[in-house]
Amino acid sequence: MTPWAAHLPPGLAPDDVHLLAAASLPGSWTARWAADPAHPTVHDDREGWITADELEHRSRAVAGRLAHAGLVPGERVLISAAASVELVVAHVAAIRLGLVVIPANTGYLEREVAHIVTDAAPSLAVVDDEERGRWIAAAAGDREVLVVGTDVAIPDGPDPAWLDGVGSDDPAILAYTSGTTGSPKGALLSHGNLLSSAEALRLAWRWSPDDRLVLPLPLFHMHGLGVGLHGTLTAGASVVLRRGFEVADTLGAIGEHQATLFFGVPTMWSRLASSGRLDELRALRLGVSGSAPLAAALHEEITAGSGQRLIERYGMTETVMNVSNPYDGDRRPGTVGLPLPGVDLRLAEGTDEILLQGPNVFSGYWQRPEATAETFVDGWFATGDVGALDGDGYLRIVGRRKELIISGGYNVYPREVEDVLRAHGDVIDVAVVGLPHPDWGEQVIAVVEGAPGPTSEADLLALATAGLAAYKRPKRVVFVEALPRNALGKVVKGDVVDQVR
Ligand code: MCA
Ligand code: AMP
């Protein structure tokens, strides 16, 4: 039996599943808009609801302006803004035009933004902050980059001839991630990658036009964008955007809009559980957790307090969504479930590293053939995560081969933080590690070899504040006489954790 058959709605067989039938994201979305033009589609607090028809017309108009400004398919557009209807319209316009969207975290500082601009050479930037716009223009240097606000207030133009003309192999999103090693690289995802994953989730989670998602996740990472927004548009459903997560705001929106769906990272679920207001989630049809491990005890606490049996799932920037607990059948705490429709999964011999194949798996890193070659083993994508399968095929993530800290659902690469801190004169060497933490899941800690001066800790934190987005900054600095090293002189991170735990 196909391992993912367990995800399919009753009456549907694997042979009936055609994840790429619509060919591209616009192929899927425009069919939904035409089928029900009056459907309330996207909501924010400034504009209220816009219908499917309004989204179609507004994104068409913005696509006309972008084409009039000279943008052609394949050119990159960097988008960095808080969630809003305007942002969604700009994103959808770029996707319909065949532009490649680079979603960038709004918390990035100049160094982080400049790296992306230099690497990806975007022709257009959509930002909601003037300073970020100036950083982008400065990093672009002599190469011209058009910087606009989320309203894309530039002259109108006619409908471009190539509107909605992309196919499944055409690139859609360039998402920056450090991958298993090295400096941030752009993972290039095609329309087929994103569409197949959104379709798989639509089937597996029974996502229907009647669903209403409350979404406090940012739209600059795959969880909010590839799952929350694209999933909504592919299902012809409705999404209520929030500008961030806060317990009272989220619960208020869920109640006011009679939401049926809520997706969050474990830190959000843990804050909801601590609020004592889990009961307010009772009317949801489905709650989902992902991006970082959800503790089995928290999973059970949520079930007891809300009646919701959460679905935990596993995804990655490079592959969108891979594995999920099933909608029908056992949702097992401590596991991420079974491969999603279309996904093949196996564990590497000897290391148990999770390997993936499927229409959701990206084709490579932007202009990094070597990094791309390293991450594919005999045609399988090596995730850097280590897994174990139980007798029923449920996957448990038991470790990571890559050096990565996941704090509140955001990825922090120790090497990047270490490089920023090494600039300080008191630092002989530094190891950045993640320690277990009740709110963040893992907390970023810098362990410094060197003799501390009177202002060392404050100086180091100031360096971090100047060079790193807030979520990457160490929450604590610990000085040690010597970092633990192996016979080759290499710092042993596991021993560093034991040293400061
Ligand atoms: C904010 N801070 C953080 C984090 N977020 N520090 C560490 N880790 C974080 N995740 C900083 C703030 O800037 C602030 O710093 C201080 O910590 C306290 O902030 P607080 O108000 O508590 O934070 P918040 O604004 O409430 O944010 C917490 C959050 C947020 C809502 C959990 O981090 C968040 O939205 N996380 C989700 C990220 C996400 O979308 N991940 C999906 C990646 P200061 O005091 O200096 O100002 S996609 C992915 O992983 C794959 C594909 C997948 O499987 O989904
Ligand atoms: P990103 O690079 O932001 O796409 O993060 C992907 C990584 O998040 C994966 O490689 C996993 O290490 C981790 N991850 C995502 N979902 C889960 C989950 N449910 N449990 C444990 N780790 C997860």
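Look up a bit, the structure's there.
Asker: Mind laying out the overall build of the protein, listing which residues take part and the relevant values?
Answerer: In terms of regular secondary structure, the protein is built from 14 helices and 26 strands. Whereas a compact globule of 501 residues would reach a radius of gyration of roughly 23 Å, the protein reaches 22 Å, a difference of no more than 12%. Per-residue burial over the protein gives 56% buried out of 501 residues. Taking all contacts inside the protein whose residues are at least 6 apart in sequence as the whole, residues at least 24 apart take part in 67%. Accessible surface, the protein: about 19,500 Å² in total, of which carbon and sulfur atoms supply 52%.

Asker: Any details on the site of ligand 2? Residues and values, ideally.
Answerer: The full set close to ligand 2 counts 17 residues, and Arg313, Thr317, Asp385, Lys402 and Asn411 are the nearest of them. Between ligand 2 and Ser291, the relevant distance is 3.2 Å, taken from a nitrogen atom to a main-chain nitrogen or oxygen of the residue. Compared with its free state, where it exposes 500 Å², ligand 2 has 91% of that area covered by protein. Breaking the shell around ligand 2 down by element, the ones donating at least two residues are strand E13 (311-316) and strand E21 (395-400).

Asker: Now, about the packing of helix H4 (residues 110-120) against helix H5 (residues 130-140): what can you tell me, with residues and values included?
Answerer: In the contact formed by H4 and H5, the axes pass within 9 Å of each other and the chain directions differ by 45 degrees. Classified by the interaxial angle, the pair formed by H4 and H5 is oblique. Regarding H4 and H5, the two cross each other, and that crossing is right-handed. Along its contact with H4, which presents Glu110, Val113, Ala114, Val117 and Thr118, the element H5 presents Arg132, Trp135, Ile136, Ala139 and Ala140. For the contact of H4 with H5, a count of residues per class yields 7 nonpolar, 1 polar and 2 charged.

Asker: So, the packing of aromatic side chains: which residues are in play, and what are the values?
Answerer: Taken as a whole and assessed by the stated rule, the structure comprises 9 aromatic pairs. Where Phe262 meets Trp269, the ring centres are 5.2 Å apart and the plane angle is 75 degrees; that geometry is what we call edge-to-face. A residue is classified by how much of its surface remains accessible, and Trp269, at 0% relative accessible area, is buried. Clustering of aromatic rings is evident, with ring pairs tying together Phe362, Tyr365, Phe376 and Phe381. Above the face of the Tyr365 ring, Lys185 is positioned so that its terminal group lies 5.3 Å from the ring centre. The side chain of Arg271 reaches across the aromatic face of Trp440, ending 5.1 Å from its centre.

Asker: Go over the pattern of salt bridges with me, naming the residues and quoting the values.
Answerer: A side chain of one charge can pair with a side chain of the opposite charge when the charged atoms of the two come close. This model, assessed by the stated rule, comprises 34 salt bridges. Of the charged contacts in the structure, one is a salt bridge between Glu56 and Arg60, with a shortest N-O distance of 2.8 Å. Note that Glu56 and Arg60 are positioned in helix H2 (residues 52-68) at a spacing of 4 residues, about one turn of the helix. Two residues, Asp128 and Arg132, come together in a salt bridge whose shortest N-O distance is 3.2 Å. A cluster of three or more residues bridged by salt bridges with shared partners is formed by Arg415, Asp419, Arg422, Asp429, Glu449 and Arg485.

Asker: How would you summarise the sheet that holds strand E1 (residues 40-44) if you had to cite specific residues and measurements?
Answerer: Strands sit in the order E2-E1-E10-E9-E11-E12-E13-E14-E15 across an open sheet of 9 strands; the sheet is mixed. The open sheet terminates on both sides in strands that have one partner only, identified here as strand E2 (48-51) and strand E15 (338-339). Looking at chain direction, E13 and strand E14 (residues 320-324) are connected through 4 bridges and run antiparallel. Counted as the bridge partner of Met316 is Val320 from E14.

Asker: A description of the site of ligand 1 should follow, citing residues and the corresponding values.
Answerer: In the vicinity of ligand 1 there are 25 residues, among which Arg271, Ser291, Arg313, Ser407 and Lys475 approach most closely. With respect to ligand 1, the backbone of Gly315 contributes an N or O atom lying 3.3 Å from an oxygen atom. Contact with the protein chains covers 71% of the free accessible surface of ligand 1, which is 1,000 Å². Counting only elements with at least two residues in the shell around ligand 1, the list comes to helix H7 (222-235), helix H9 (266-274) and E13. The class makeup of the residues in the shell around ligand 1 is 12 nonpolar, 9 polar and 4 charged.

Rules used throughout
- Residues numbered from 1 in each chain as written.
- Chains lettered and ligands numbered in written order.
- Predicted model: local features only at pLDDT ≥ 70, side-chain atom pairs only at ≥ 80, totals over all residues.
- Heavy atoms only, no water.
- Helix = DSSP H or I, 4+ residues; strand = E, 2+ residues; numbered from the N terminus.
- Rg over C-alpha atoms; globule rule 2.2 N^0.38 Å.
- Buried < 20%, exposed > 50% of the residue type's maximum accessible area, 1.4 Å probe, protein only.
- Contact = heavy atoms within 4.5 Å.
- Areas by Shrake-Rupley, 256 points an atom, 1.4 Å probe, with all protein chains shown as cover.
- Near = heavy atom within 4 Å.
- Polar contact = N/O pair within 3.5 Å; in protein donor to acceptor, adjacent residues only side chain to side chain.
- Axes fitted to C-alpha atoms, helices over the stretch in contact; angles between N-to-C directions.
- Parallel < 35°, antiparallel > 145°, perpendicular 65-115°, else oblique.
- Left-handed = near helix turned anticlockwise from the far one by under 90°.
- Nonpolar A, V, L, I, M, F, W, Y, C, P; charged D, E, K, R; others polar.
- Phe/Tyr/Trp six-rings, centres within 6.5 Å; stacked < 30°, edge-to-face > 60°.
- Lys NZ or Arg CZ within 6 Å of the ring centre and 35° of its normal.
- Salt bridge = Lys/Arg side-chain N within 4 Å of Asp/Glu carboxyl O.
- Pairing = 2+ DSSP bridges.

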